[in-house]
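Structure at a glance
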Amino acid sequence: MRWTGTWTALRDRLDAAGYVASDTLAMALHLALSLGRPLLLEGAAGVGKTELAKVLAGLLDTRLIRLQCYEGLDASAAIYEWNYQRQLLAIRAGEGADADAEERIFSEKYLLTRPLLEAIRQPEPPVLLIDEIDRADEAFEAYLLEVLSDFQITIPELGTVAATARPHVILTANGARDLSDALRRRCLYAYVDYPDRRTELAILARRGPALSSALAGQIVGFVQDLRREDLEKVPGVAEMLDFAAALAGLGVNDLTDDPATLHATMVTLLKTEADQAQVTREVVERLAGRAA
Amino acid sequence: MSRVTRFPARAAGPADRLSDFVAHLRTHGFRLGPGETATALAALSAASAVDIATARLALRPVCVADAEQNARFDALFDAFWLNRDRARPGVAPRKAPERRGRAPLPERAMEGEADGASGAPTGADDGDGAAQDGGEGRLAASRRTIDTRSDLRAYADPEDLARAARIAERIAKAIRDRRTRRRRAARRGAGLDLRRMMRASLARGGEPAELIRRRRIDRPMRLVCLLDVSGSMDVYARAFLAFVRGLLGADEAARAWLFHTRLIDATPALRDRDRLRAADRLSLMAEGFGGGTRLGACLADFVARHAAKAVNRRTVVVILSDGCDADPAAGLAATLARLKRRAGRIVWLNPLKGWADYAPTAAAMAAALPHLDAFLPANTLESLAALEAEFARL
């Protein structure tokens, strides 16, 4: 489905689908959809970059095809691969009469499509999420550029596959490596920051468990203060939601009620040993006192 | 919104005005071309931007390319469209052109042309040549910054400096050579290349008679140098600059920072093939050379701001410092522990370690030791030369 509305309509639709987007982000997504350009989302881990792609797929009522990048990702994992076992079997089974064996085993039937090829062969434009592009090597990034500009893939044995529908491409990055200028130029860019207090409250109301407004305010205040501490791994929105769910599950009504329980729930927010050691019970109490 | 600037008489319409805006961003270090101007126009109409707030939202995703530009965009937007802060163009540009290096300011480029007669023949050389003339370029640089301040105890003459650069080159190459050997080994030992085997087996009726190995291509090891240029390192600064420049000359991806009381990215300056310009840039950075050290704070700054991009598991971080620090040592230890988790190797070169009765008693040095992969002396050319073997082992 193509997007034809205005950017405010897109923001409201995202909102209704449970994703509270800032104006900047909604506009960037709207432009990416209406200009047909890839959108590069950059920001710390856990601010909802991947989630945006998922919500968008739901909103456009289309498939989400996800390519998770990692170091050493290569064409056979990202684009296509031949089904070797099947090819072997076919060659052995067809022994004798195999004048056209080569043609036969390098046909569609023996092709395993991987995310990129799959995305351009859909009848309807899907949402293609290229997650953590900065984890992939430079060489893959260069190849990706080619795919993103032409939307066609060449398979030597089979020929060129042109896109039946241009996918909506969303790339995410969180600074594991600097991306090439060429890739940045090809994409529209949006920096996704930690949400401000008002936005985070809205997210909690949308995605979190049912909480009293006082407790919700405390939780958001607590997490926002915690982000200002000198941490190795700053808690994101997902961590905040886990934290809220943990508190709801434990039946906590006020953060200042039970410091021991509150300190125990820090496992949902602090994900490294050093951070856990640094945020002692006293620090937790101080933050809770300030949030209350 | 009453402060919106009026169109200048010469502007023909929105398209003209918008391309002026893109030019305005370009002079402030944004890398935008005509393609972006067209996209910006398309974005404005796609967003049906009729007020300035919407226009701001619509232009941002097109014009901004990274987090740093994202943070600067609003000020630049206001300056252009709302006439704010126009009198102080120095606010926004900061040192962006300096850091980028690839896109020199127009004045700089012109300066380079003017110098072209002397600089061009060597500048157009290949990698090896660059490292050679690198040695001399740095010589000019350090003469300005250090000669005037203190006597040079060692490495006073250009030959020695050139030697330091050559040693550095060899070290950088030692890392690269090792990488090549590894690839060959992988070709012998790694998994099978099924795709090629299948192709080859067709000729034999599907019999995979020939086993074809798949080689793994290793990505290069990268070098990151952090050079202490504070007062206590003054006498070594010139030789170490030569050394670092040699490292950069041999490895395209290597980067270097200088630090004393703050951290400065010296990669573009040290890499500059135009000698005069390189000298200029270094002397600009040199304010503060020979002052105090804030070792812990500078390293923390490096880890917070640059490590995410410059350092990964395949990076060797080389710190050249004597470990004298004005800050408490606990911070340094924590910083190095964080860096250690990100980096492949951390090597500390300390000129004091070469002294006969040296023990790492400076609080900072003692705190740093547990986090280092290697702690090596670097006070004479011989000790620098001996590093080659050490680096090859890393």
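Structure's up top.
Residues numbered from 1 in each chain as written. Chains lettered and ligands numbered in written order. Predicted model: local features only at pLDDT ≥ 70, side-chain atom pairs only at ≥ 80, totals over all residues. Heavy atoms only, no water.

1. Observations regarding the overall build of chain A
Defined as follows: Strands are runs of DSSP state E lasting at least two residues, helices are runs of H or I lasting at least four, and both sets are numbered from the N terminus onward. Exposure classes here rest on a 1.4 Å probe applied to the protein chains alone. A residue is buried below 20% of its type maximum, exposed above 50%, and partly exposed in between. Any pair of residues with heavy atoms lying within 4.5 Å of one another is described as a contacting pair.
When helices and strands are counted, chain A shows 15 helices and nine strands. Counting only residues that meet the buried cut, chain A has 49% of its 292 residues in that class. Taking as baseline every contact in chain A between residues at least 6 positions apart, the subset at least 24 positions apart corresponds to 73%.

2. Quick word on the interface of chain B and chain A
Accessible area lost during the coming together of the parts is what is often quoted as the interface size. Just so we agree on the cut-off: Basic side-chain nitrogens of Lys or Arg form a salt bridge, by our definition, when they fall within 4 Å of a carboxyl oxygen of Asp or Glu. Throughout this description, a polar contact denotes any pair of N or O atoms lying within 3.5 Å of each other; where both atoms belong to protein, one of them has to be capable of donating a hydrogen while the other can accept it, and for residues adjacent in sequence the pair is counted only when both atoms sit in side chains. All residues other than Ala, Val, Leu, Ile, Met, Phe, Trp, Tyr, Cys, Pro, Asp, Glu, Lys and Arg, Gly among them, are scored as polar; the first ten of these are nonpolar and the last four charged.
Contact residues are listed per partner, giving 35 residues for chain B and 42 residues for chain A. Viewed at the interface, chain A and chain B are joined by one salt bridge. Glu36(B) serves as the salt-bridge partner of Arg185(A), at 3.0 Å between the closest nitrogen and oxygen. The interface formed by chain B and chain A contains six residue pairs in polar contact (both at pLDDT 80 or more). Looking at the side of chain B that touches chain A, the elements that each hand over two or more residues are α2 (34-46), α3 (52-63), α4 (67-81), α9 (194-202), α14 (307-310) and α15 (329-342) of chain B. Within the side of chain B that touches chain A, the residues separate by chemical class into 15 nonpolar, six polar and 14 charged.

3. Concerning the layout of surface pockets
Residues and elements named next belong to chain A. Stated formally: Only protein atoms enter the calculation, which uses a 1 Å grid: trapped sets of points that fit a 1.4 Å probe without letting it out are cavities, open sets showing protein on both sides within 12 Å along at least five of seven lines are pockets, and any residue with an atom within 4 Å of a point is a lining residue. Grid points are joined across faces, edges and corners, and a volume is the space filled by probe spheres set on the points. An automatic or database domain assignment provides the domain bounds reported here.
Estimated volume of the second largest pocket: approximately 880 Å³. Tyr19, Val20, Val47, Val192 and Ile203 are, among the 39 residues lining the second largest pocket, the residues nearest its centre. Listed by contribution, the elements that provide at least two residues to the lining of the second largest pocket are α1 (7-16), α2 (23-35), α3 (49-59), α10 (197-207) and α12 (237-250). Residue contributions to the lining of the second largest pocket peak at five residues, all from α10. Here the lining of the second largest pocket is built from residues that sort into 15 nonpolar, ten polar and 14 charged. Looking at which domains feed residues into the lining of the second largest pocket, each of domain 1 (7-78 + 114-191) and domain 3 (197-285) supplies at least three.

4. Some words on α4(B)
Residues and elements named next belong to chain B. Rules: Under the convention used throughout, the expected extent of a helix is 1.5 Å for every residue step, that is, one less than its residue count. To get the bend at a residue, fit one axis to the 7 residues ending there and another to the 7 starting there, then take the angle between the axes.
Taking 1.5 Å as the rise per residue, α4 with 15 residues should run 21 Å; its terminal C-alpha atoms sit 22 Å apart, in good agreement. Along α4, the largest kink reaches about 40° and is centred on Phe73. A distance of 3.0 Å separates the backbone nitrogen of Gln69 from a side-chain oxygen at the start of α4, and that oxygen is part of Asp66. Looking one or two residues beyond α4, the residue adopting positive phi is Asn83, at roughly 55°.

5. Considerations on the nonpolar core
The line we're drawing: Here, the term nonpolar core denotes a set of buried Ala, Val, Leu, Ile, Met, Phe, Trp, Tyr and Cys residues that are joined through side-chain atoms within 4.5 Å.
Leu116(A), Ile130(A), Ile133(A) and Phe21(B) are the most contacted members of the largest nonpolar core, which has 95 residues in total. No other element matches α2(A), which puts eight residues into this core. Among the nonpolar cores identified, the runner-up in size contains 42 residues, and Ala254(B), Leu258(B), Ala269(B) and Leu376(B) belong to it.

6. Description of the packing of aromatic side chains
For the record, the criterion: Under the pairing criterion, centres of Phe, Tyr and Trp rings, with the six-membered ring standing for Trp, must be within 6.5 Å; the plane angle then separates stacked pairs below 30 degrees from edge-to-face pairs above 60, leaving the rest tilted. A ring is considered to have a charge above it if a Lys NZ or an Arg CZ atom is located within 6 Å of its centre and within 35 degrees of its normal.
Summed over the entire model, instances satisfying the criterion amount to eleven aromatic pairs over all chains. Ring geometry for Phe73(B) versus Phe77(B): centroids 5.7 Å apart, planes at 40°, classification tilted. Of this pair, Phe73(B) and Phe77(B) are both found in helix α4, four residues apart, which corresponds to roughly one turn of the helix. Summarising the aromatic geometry, the rings of Phe80(B) and Trp81(B) are spaced 4.8 Å apart at their centres and angled 80° between planes, so their arrangement reads as edge-to-face. With respect to class, Phe80(B) is no different from Trp81(B); both count as buried. By the ring-pair criterion, three or more aromatic residues cluster together here, those being Phe21(B), Phe73(B), Phe77(B), Phe80(B) and Trp81(B). Lying over the aromatic face of Tyr110(A), Arg86(A) brings its terminal NZ or CZ to 5.4 Å of the ring centre.

7. A look at the sheet that holds strand β9 (residues 188-191) of chain A
All names here are of chain A. For the record, the criterion: Pairing between two strands is assigned when DSSP locates at least 2 bridges connecting them. All axes here are fitted lines through C-alpha atoms, helices being fitted over the stretch that makes contact, and every angle between N-to-C directions spans 0 to 180 degrees.
Taking strand neighbours across the sheet as the criterion, the five strands line up as β2-β5-β8-β1-β9 in an open arrangement whose pairing is parallel. A strand with exactly one partner marks an edge of an open sheet, and here the two such strands are β2 (64-68) and β9. For this sheet the average axis-to-axis angle between neighbouring strands, irrespective of direction, equals 20°. Bridge count between strand β1 (residues 39-42) and β9: four bridges; the pairing is parallel. The residue bridging Glu42 from the neighbouring strand is Tyr191, located in β9. Strands in contact with α2 are β1, β8 (168-173) and β9; relative to β9, the strand with the most contacts, it is inclined by about 165°.

8. Overview of unusual backbone geometry
With a phi close to 55°, Asp61(A) is a non-glycine residue in the positive phi region. Relative to the elements of secondary structure, Asp61(A) occurs in the loop between α3 and β2. Judged by relative accessible area, Asp61(A) falls into the exposed class, the value being 69%. Positive phi, normally seen in glycine, also occurs at Ser48(B), with a value near 40°. Note that Ser48(B) resides in the loop between α2 and α3.

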